[in-house]
Amino acid sequence: MPRPLTTHTHTHNTQTQKGERVVGILGTGDFSRSLARRLVASGYIVLVGSRTPKRFVSLFPEEVTSQIDAASQADIVFIAVCPEHHSTLSDLKQALAGKTLVDVSNGLRISQYGPSNAELLADRFPESWVVKGFNTISAWSLQMGPRDGSKQVGDNSKAKISVMELCRRMGFIPVDMGLLSSSLEIENLPLYLFPSWRVPVLGTLALFIFFYLYNFIQDILQPYVTAGKNFFYKMPIETVNVTLPSVALVLLSLVYLPGLCAAFLQLWLGTKYKRFPDWLDQWLTMRKQLGLCSFLCSVLHAIYSLCLPMRKSARYELLNNILLSVNDGVEISWDDEKVWRMELYLSVGIMALGLLSLLAITSLPSVANTVNWREFSFVQSTLGYCALAMATIHTLLFGWNRAFIPAQYRFFLPPTFLLVLILPFLVLLGRLALLVPCVAQRLRQIRRGWEKSHHIRFTLVKPLQAIKN
Amino acid sequence: MPRPLTTHTHTHNTQTQKGERVVGILGTGDFSRSLARRLVASGYIVLVGSRTPKRFVSLFPEEVTSQIDAASQADIVFIAVCPEHHSTLSDLKQALAGKTLVDVSNGLRISQYGPSNAELLADRFPESWVVKGFNTISAWSLQMGPRDGSKQVGDNSKAKISVMELCRRMGFIPVDMGLLSSSLEIENLPLYLFPSWRVPVLGTLALFIFFYLYNFIQDILQPYVTAGKNFFYKMPIETVNVTLPSVALVLLSLVYLPGLCAAFLQLWLGTKYKRFPDWLDQWLTMRKQLGLCSFLCSVLHAIYSLCLPMRKSARYELLNNILLSVNDGVEISWDDEKVWRMELYLSVGIMALGLLSLLAITSLPSVANTVNWREFSFVQSTLGYCALAMATIHTLLFGWNRAFIPAQYRFFLPPTFLLVLILPFLVLLGRLALLVPCVAQRLRQIRRGWEKSHHIRFTLVKPLQAIKN
Amino acid sequence: MPRPLTTHTHTHNTQTQKGERVVGILGTGDFSRSLARRLVASGYIVLVGSRTPKRFVSLFPEEVTSQIDAASQADIVFIAVCPEHHSTLSDLKQALAGKTLVDVSNGLRISQYGPSNAELLADRFPESWVVKGFNTISAWSLQMGPRDGSKQVGDNSKAKISVMELCRRMGFIPVDMGLLSSSLEIENLPLYLFPSWRVPVLGTLALFIFFYLYNFIQDILQPYVTAGKNFFYKMPIETVNVTLPSVALVLLSLVYLPGLCAAFLQLWLGTKYKRFPDWLDQWLTMRKQLGLCSFLCSVLHAIYSLCLPMRKSARYELLNNILLSVNDGVEISWDDEKVWRMELYLSVGIMALGLLSLLAITSLPSVANTVNWREFSFVQSTLGYCALAMATIHTLLFGWNRAFIPAQYRFFLPPTFLLVLILPFLVLLGRLALLVPCVAQRLRQIRRGWEKSHHIRFTLVKPLQAIKN
């Protein structure tokens, strides 16, 4: 017997192979159809159970049979029936006993309190093993091929493993999310609409409205009220173009502010083992979104700026200037200061935009996956601070000496570029403070697990060692 | 015996471990080399079988041996020999019996009819289990590390599972694609050249050529023929820049038109259980590609537009205008209407481009993977329609009142912006029609599985309930 | 007994289920906390072992117990203790015997020579099975959910498989990297800082500095020295904007040069079975990075160019030109040649940029994953050469006839555009040479495995067949 094991397995295989590979689906909706097609493509034998099998035979290339048939022949049965109609499955209780039921249903709305559909199903079929899963995969991605992962929960380890294996063979990546009691969370997942983006987007909008009104008052309303000049044509482009960089710079500072807060909090508490306050925790998780909003504003600012010389209004102004100086014989002198100011702030601005683009590209999930943690933090933290510094210098060069010209304080309000510089200055100063050697060393100690309270306890015994560290 | 199971497994392991981990490769080409290197990196013992082992020993860091040796010592044997030379393997029939053969070959050209290489191999070795796979992985990605997934087919479940496990340990994601009869499809996969892009790209080109000629006739030929004006210098930039947004707008409408057609078809048929005609099905799958082509045209349009004021021709025109008005003493009056028109259409255009960028970013596979279905359809449908509306307004503002000026109808042809607006107007009107409450409700019912024919049957019994739904 | 197997498995399951699912973690740092949270989320029972369990009970939602307890109850034990403190674990030797230890530690600095932390640990616990892994996953991505894969090595197959299974259930993709002797490489992985980018970025910087100085001397220093003209204001934008496209074009040629070298080397050696010299191998792996650096320079060049007309200096120049011609009565004539030159090189430049963008997008990992090898090489090679040709034409059109004007040779140095054209011309000529039928055929033969030496040997026997091929 040269290969007894293999031979044995072959026989064994042919017998149990079919049983292992039969999968039942109860329900005949879109999801059911896509699921059946995908399972067949992955080499499974699919039995679709319907209350009116004849009606659906033409729609399914797979075998459509009665519900009881599908339930009794398969070991894994997908429940693809609306949760409201789960009661109609009660007759199958006997046939489904001991089987693995996969509940693929979603909630109708985001729900804070249970019980979840899966828990209700488990109550209805106490002798079956309910696994929640596949609900985060859409019918569309079932059809188009592997796209996202499936998240599973369930109480029975074996049932869950068999469902995960099935999922894996279909080309999806299963993620075990624990016990069935977590099913509510999974049922809510497909109902969310960018929850992590809500606050950053609303914040961006609020900042935009605030700065737009501020600039409108300063640049359009003030000249109209005091001098009767009609600058309302500036509203669609020029005012927007002054507003966008303000929003971008403030948002970029808000990306780096919470990290500073956390560092100073740790320094003050003298430990890293105390939880941050909730607002800080949430702020820390929003940094990526804030950064991308800032990037969007910067890019729009660049495009708006590049549009400026192409406008009819810019042309008219130019023409009028020329005609004025020709008629009056006034010579237009080359103002070296103005030239240098503009060349410099344009150049620095482009470089800041270039750095921000690198940050944005590294935020793409597929790029972030290919860099290690050290590279990720180098780009996001070191290059990010460089971008913030560049953007601050861009604004400073734009402001030049105009902060000291009283005419810029229209309606006694400081010019926008001055207002906008406060936050980045604070952040950059805070960052510099953390670079002071003694502060930096203490923070490093704390982040390695050192604690002030313990330190005090041990100080009497070994003070020198603590200092050496 | 505190841990009998573990101890037992240890012994057992050491005995069978080697057998399990020996993999044979027949063939010594590039793919064979990369595969061997990767398998060794994943902890397998690799035996490379060659007809002239001595010649290749220096090229392979792994053991190179005779084909019969490699075939008899391993349970899984990769067949990395050109399909034309499969006949040379006939001597190994005995040694390969009961083994799992992995056919990694590709077709030479896309073939509609079988038999596939894998099926021919299975015929040649009827006592072995042939699994088709690894052919969609390139030698390059075997070397560079996990990149894409491998697709497998095969008739024997156990053989397939062991190959998939091997594949998984190498860091690739295996996808079971069913029985060996599907192997032809898998062999064709690496030969395709953007099949889903062919129609969209050709359509874009056709639209581009049509609109380019149309604009050429109107803007360059007509002035030349009727007034002898030489505007041919406009061909590389200005004409292209009028053509690109036309193409972009038409393509964007074509993205949303098939969805509307599908909805109206469902409303008319009164069911979602009838298949769409083939052209509609194919059109629906092309929406992403059409959208990205539209985005590309929009971005190019933006860059071309921004280049306009930098051209020498723009400068000469400006200078001549000025000299004319200086010499003639004509005053250039500030035309408020022209100013507002330009400021508005620029601003709306930039916003439309910003929205389209969001759509494009969400089309990236890695970003699409991180959003759920609701978020995806919010971006692609809601934001997409906003972008279409914006782009339409941009074109309307650009047109302004010029549709009513007879001089714009050169050669009696309507101006381009008028021609281009027809399709987006139709789409937007169709979309608005679907928002009318009674239509929207009926569509919702149909998409939940309601059917007109059934409805009619049941109407006599419970008409009120149907209305309440 | 209708379902004996299933019933049996159920009982069996409930008994062993707990044992299988208990995982121990020694150490209470950040990584330990994130790991514990993730394991619990994936349905495992986690025992955290600490020397001072009471102190950490509040920080861990999981059970914190003594080290000996955690070590003896679990089959898989994570060693999340600093490598320096591995000695403190010596007491657990007995309890850990026969268990699978997962060493998650990183090196402190990149190390060329062993032994690795994992090997030291294996020496310390000779009766346990050490698997190295999870060190490439950061605490952050453990918390945020599956992001990147884990790479494992280990000497014991069973231990490694159980760790990989655990890893997979947590939603990560494990990659088996071979025996424990490879652990040093894995420990170094998280310490790298863009190793593949170092040479391309430094090369880009060097090229930038060289061309910047070259342009500075030609465009700013020469007029200042010879004519006393102050053009220093051109430094931030105009000089940068001439430098960037030079760097971009040279880098793009450097992307395609190594492929040509390889092809000519293969032609010369008459075989593909000889290894390339090391410098060529390394150059070939850098092509993607060089291409992306080239793309970045091109995009910056585009933005800088678009900024040109908006600058104050451009305005002053324009105004002075006008005033001069008005006062002197000089007419500014429309120079058709200048107009055409500019329209053409702008248009070609935009198209080159468009093609480069397609190349850059296809370099994104997630996009590269969705295309097959043929599509990838079509974009990167065919479209890439088109982009190179376009960029070369853009430069030629920019240069126009100025290469023949002696005034352009300031300080007897050739103008930049001439210097920059050498390399792309060489590359394009080399590529054309490879398209000559007889050369192309020979190269195709070599790449299919044909060898000159063998050929000579066989020529005498079957010369005709060789020619037919």
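Note that the structure is a prediction, hence the values are computed from the model and not measured.

A. Seen up close, the overall build of chain A. Regarding its fold elements, chain A presents 21 helices and eight strands. Sorting the 469 residues of chain A into buried and exposed places 52% on the buried side. Pairs at least 24 residues apart make up 71% of the contacts formed inside chain A by residues separated by at least 6 positions.

B. Inspection of the domain arrangement of chain A at higher detail. Split into domains, chain A comes out as domain 1 (22-191) and domain 2 (197-448). Using only C-alpha atoms to locate each centre, domain 1 of chain A and domain 2 of chain A end up separated by 50 Å.

C. Molecular detail of the interface of chain A and chain C. Each side of the interface is counted separately: chain A has 58 residues, and chain C has 60 residues. Around 5,600 Å² of area is buried between chain A and chain C when both sides are counted, 65% of it from carbon and sulfur atoms. The three residues of chain A that bury the most area against chain C are W334, E343 and I350 of chain A, which together make up 12% of that side's buried surface. Joining chain A to chain C, the criterion identifies one salt bridge.

D. Focus on the relation of the copies chain A and chain C. Overlay of chain A on chain C (RMSD 0.0 Å): rotation 120°, translation along the axis 0.0 Å. The operation mapping one copy onto its partner corresponds to a three-fold rotation axis. Within chain A, S366 of chain A has its C-alpha nearest the rotation axis, a separation of 3.2 Å. When you check the interface residues of chain A against chain C, a mere 16% turn up at the interface there too, and the two sides of the contact use different surfaces.

E. Structural detail: the interface of chain C and chain B. Each partner contributes to the interface: chain C provides 58 residues, whereas chain B provides 61 residues. When chain C packs against chain B, the two sides together hide about 5,600 Å² of surface, and 66% of this comes from carbon and sulfur. Looking at the side of chain C facing chain B, the largest losses of area belong to W334, E343 and I350 of chain C, adding up to 12% of the total buried there. For the interface between chain C and chain B, the tally reads one salt bridge. Inspection of the chain C/chain B interface yields seven residue pairs in polar contact (both at pLDDT 80 or more). Looking at the side of chain C that touches chain B, the elements that each hand over two or more residues are α8 (157-169), β8 (174-176), α13 (287-307), α14 (312-328), α15 (336-363), α16 (365-370) and α17 (373-399) of chain C. At 11 residues, α15 of chain C tops the list of elements feeding residues into the side of chain C that touches chain B. Of the residues contributing to the side of chain C that touches chain B, the split by class is 32 nonpolar, 13 polar and 13 charged.

F. Structural context of helix α19 (residues 437-447) of chain C. Of all the positions in α19 of chain C, only A440, L443, Q445 and I446 of chain C are classed as buried. Phi turns positive one or two residues past the end of α19 of chain C, at G449 of chain C, with a value near 115°.

G. Spotlight on the pairing of strand β1 (residues 22-26) of chain B. Residues and elements named next belong to chain B. With five of five residues buried, β1 lies mostly within the body of the structure. What you see with β1 is no split at all: V22, G24 and L26 on one side and V23 and I25 on the other are buried throughout. In this structure, β1 lies alongside strand β2 (residues 45-50), joined through five bridges in parallel fashion. When the bridges of β2 are listed, G24 appears paired with L47. Handedness of the crossover is the feature at issue here: the chain leaves β1, passes through helix α2 (residues 30-41), returns alongside β2, and the resulting connection is right-handed. Relative to strand β4 (residues 76-79), β1 runs parallel, the two being bridged by four bridges. By the bridge assignment, G24 is partnered in β4 with V77.

H. Structural detail: a nonpolar patch on the surface. All names here are of chain C. The grouping of L396, F425, L429, L432 and L435 at the surface amounts to a nonpolar patch, some 480 Å² of accessible area in total. Of the residues forming the nonpolar patch, the biggest block, four residues, is contributed by helix α18 (residues 416-435). For L396, the location among the structural elements is in helix α17.

I. The arrangement of the nonpolar core in detail. Within the largest apolar cluster, 186 residues are counted, with the highest numbers of intra-cluster contacts made by Y256 and L388 of chain A, Y256 and L388 of chain B together with Y256 and L388 of chain C. Setting aside anything within four residues of it in sequence, one finds Y256 of chain A in contact with L359, Q380, S381, G384, Y385, L388 and V427 of chain A.

J. Spotlight on the pattern of salt bridges. Applying the stated criterion to the full structure yields 15 salt bridges over all chains. The salt bridge involving R311 of chain C is made with E238 of chain C; its shortest N-O contact spans 3.0 Å. With a gap of 73 residues between them, R311 of chain C in the loop between α13 and α14 and E238 of chain C in helix α11 (residues 235-269) connect regions that are remote in the sequence. In this structure R311 of chain C comes out as buried when scored by relative accessible area, which is 6%. In this structure E238 of chain C comes out as partly exposed when scored by relative accessible area, which is 21%. Here the residues in one salt-bridge network are K234, E238 and R311 of chain A together with E343 of chain B, joined through shared partners.

K. Seen up close, the UniProt feature "transmembrane region" (unreviewed entry) in chain A. All names here are of chain A. The sites that UniProt annotates as "transmembrane region" (unreviewed entry) are residues 199-217, 247-269, 290-311, 344-364, 376-397 and 417-440. Counting secondary structure, residues 199-217 comes out at 100% helix and 0% strand; the distance between its end C-alpha atoms is 27 Å. A helix fraction of 96% and a strand fraction of 0% characterise residues 417-440, whose end C-alpha atoms lie 32 Å from each other.

L. Quick look at the state of the cysteines. This model, assessed by the stated rule, comprises zero disulfides over all chains. With no disulfide of its own, C261 of chain B has C293 of chain B as its nearest cysteine by sulfur position, at a separation of 19 Å.

M. Looking closely at the packing of α11 of chain C against α17 of chain C. All names here are of chain C. The N-to-C vectors of α11 and α17 enclose an angle of 140°; their axes lie 10 Å apart at closest approach. When the interaxial angle is binned, α11 and α17 end up oblique. The way α11 lies across α17 gives a crossing that is left-handed. Note on element contacts: α17 touches α11 through Q380, S381, G384, Y385, A387, L388, A391, T392 and T395, opposite L249, L252, S253, Y256 and L260.

N. Quick look at the packing of α11 of chain C against α18 of chain C. All names here are of chain C. For the pair α11 and α18, the least separation of the axes is 9 Å and the interaxial angle reads 30°. Comparing the axis directions of α11 and α18 gives the class roughly parallel. For the crossing formed where α11 meets α18, the hand is left-handed. Every residue of α18 that contacts α11 at S246, L249, V250, S253, L254, Y256, L257, L260, A263, F264 and L267 is listed here: T416, V420, L421, L423, P424, V427, G430, R431, A433 and L434.

O. Structural view of the confidence of the model for chain A. Residue and element names in this part refer to chain A. Mean pLDDT for chain A: 82, with 87% of residues reaching 70 or above. Segment residues 1-19 is flagged for pLDDT under 50; beyond a separation of four residues in sequence, or across chains, it makes 14 contacts in the model. Low pLDDT (under 50) marks residues 456-469, which in the prediction has five contacts with non-local residues, meaning those over four places away or in another chain. Our summary of model confidence lists the complex with pTM equal to 0.85 and ipTM equal to 0.82.

P. Main features of the pairing of strand β5 (residues 100-103) of chain B. Residue and element names in this part refer to chain B. Burial along β5 is two-sided: T100 and V102 and L101 and D103, pointing in opposite directions, are all buried. In the sheet, β4 pairs with β5 via four bridges, with the strands oriented parallel. Bridging across to β5, F78 finds its partner in V102. Taken together, the four bridges between β5 and strand β6 (residues 129-132) define a ladder with parallel strand orientation. Bridging from a neighbouring strand, T100 pairs with W129 of β6. Between the parallel elements β5 and β6, the chain passes through helix α6 (residues 117-124) in a crossover that is right-handed.

Q. Geometry of the packing of aromatic side chains. All told, the structure shown has 36 aromatic pairs over all chains when counted by the stated rule. When the ring of F78 of chain A is compared with that of F134 of chain A, the centres are 5.2 Å apart and the planes differ by 85°; the resulting orientation is edge-to-face. Pair noted here: F78 of chain A is in strand β4 (residues 76-79) and F134 of chain A is in the loop between β6 (129-132) and α7 (139-144), with a separation of 56 residues, a long-range link. Using a relative accessible area of 0% as the deciding quantity, one classes F78 of chain A as buried. Among the residues examined, F134 of chain A registers a relative accessible area of 0% and is labelled buried. When the ring of W373 of chain B is compared with that of F376 of chain B, the centres are 6.0 Å apart and the planes differ by 25°; the resulting orientation is stacked. Of this pair, W373 of chain B and F376 of chain B both sit in helix α17 (residues 373-399), three residues apart, which is roughly one turn of the helix.

R. Representation of the side chain of T100 of chain B. Among the structural elements, T100 of chain B can be located in strand β5. Not counting the four nearest positions on each side in its chain, T100 of chain B is found in contact with D75, I76, V77, W129, V131, A159, S162 and V163 of chain B.

S. Expanded view of the side chain of H301 of chain A. Relative to the assigned elements, H301 of chain A resides in helix α13 (residues 287-307). Setting aside residues no more than four positions away along its own chain, H301 of chain A makes contact with N241, L244, P245 and H394 of chain A.

Conventions adopted
- Sequence positions are assigned chain by chain, starting from 1 and proceeding in written order.
- In the order they appear in the text, chains get letters beginning with A and ligands get numbers beginning with 1.
- Local features in a predicted model are, by the rule used here, given only for residues with pLDDT of at least 70; side-chain atom pairs are given and counted only at 80 or more, and totals for whole chains, interfaces and linings are based on all residues.
- Side-chain metrics in this entry use all non-hydrogen atoms of the structure; hydrogen atoms and water are not considered.
- Helix and strand definitions follow DSSP, with helices as H or I runs of at least four residues and strands as E runs of at least two, each counted in order from the N terminus.
- Buried residues are those whose accessible area, probed at 1.4 Å on protein chains only, stays under 20% of the maximum for their type, while exposed residues exceed 50% and partly exposed ones sit between those limits.
- Two residues form a contact once any of their heavy atoms are found within 4.5 Å.
- Boundary definitions for the domains trace back to an automatic or database domain assignment.
- Accessible area, probed at 1.4 Å, shrinks when two parts are joined; the buried area is that loss added up over both.
- Basic side-chain nitrogens of Lys or Arg form a salt bridge, by our definition, when they fall within 4 Å of a carboxyl oxygen of Asp or Glu.
- Copy-to-copy superposition: least squares on the C-alpha atoms, limited to residues that have pLDDT of at least 70 in both copies.
- Two N or O atoms form a polar contact when they lie within 3.5 Å of each other; inside protein one atom must be a possible hydrogen donor and the other a possible acceptor, and for residues adjacent in sequence the pair counts only when both atoms belong to side chains.
- Asp, Glu, Lys and Arg are counted as charged, while Ala, Val, Leu, Ile, Met, Phe, Trp, Tyr, Cys and Pro are counted as nonpolar; the rest, among them Gly, fall into the polar class.
- Should DSSP find at least two bridges between two strands, the strands are taken to pair.
- A crossover counts as right-handed when, viewed with the strands pointing away from the observer, the path leading from the first strand over the helix to the second turns clockwise.
- In this analysis, a patch consists of residues with relative accessible area above 30% that form no salt bridge, clustered at 9 Å for like charges and at 5 Å for the nonpolar side chains Val, Leu, Ile, Met, Phe, Trp and Tyr.
- Calculation of accessible area relied on Shrake-Rupley with a 1.4 Å probe; when residues are assessed, cover is drawn exclusively from the protein chains displayed.
- Put simply, a nonpolar core is a bunch of buried Ala, Val, Leu, Ile, Met, Phe, Trp, Tyr and Cys residues held in one set by side-chain atoms that sit within 4.5 Å of each other.
- UniProt positions are given in the numbering used here, feature names are shortened, and annotations may be inferred rather than shown by experiment.
- The disulfide criterion used throughout: a pair of cysteine sulfur atoms within 2.5 Å.
- Axis angles are defined between N-to-C directions and span 0 to 180 degrees, where every axis is a line fitted to C-alpha atoms and, for a helix, only to the segment in contact.
- Roughly parallel covers angles under 35 degrees, roughly antiparallel covers those over 145, roughly perpendicular covers 65 to 115, and oblique covers all other angles.
- Crossing handedness follows the turn of the near helix against the far one: under a right angle anticlockwise gives a left-handed crossing, and clockwise gives a right-handed one.
- Values of pLDDT, ranging from 0 to 100, describe the predictor's confidence in every residue of the model.
- Any Phe, Tyr or Trp ring, taking Trp's six-membered ring, that has another such ring centre within 6.5 Å forms a pair; planes under 30 degrees apart are called stacked, those over 60 apart edge-to-face, and the others tilted.

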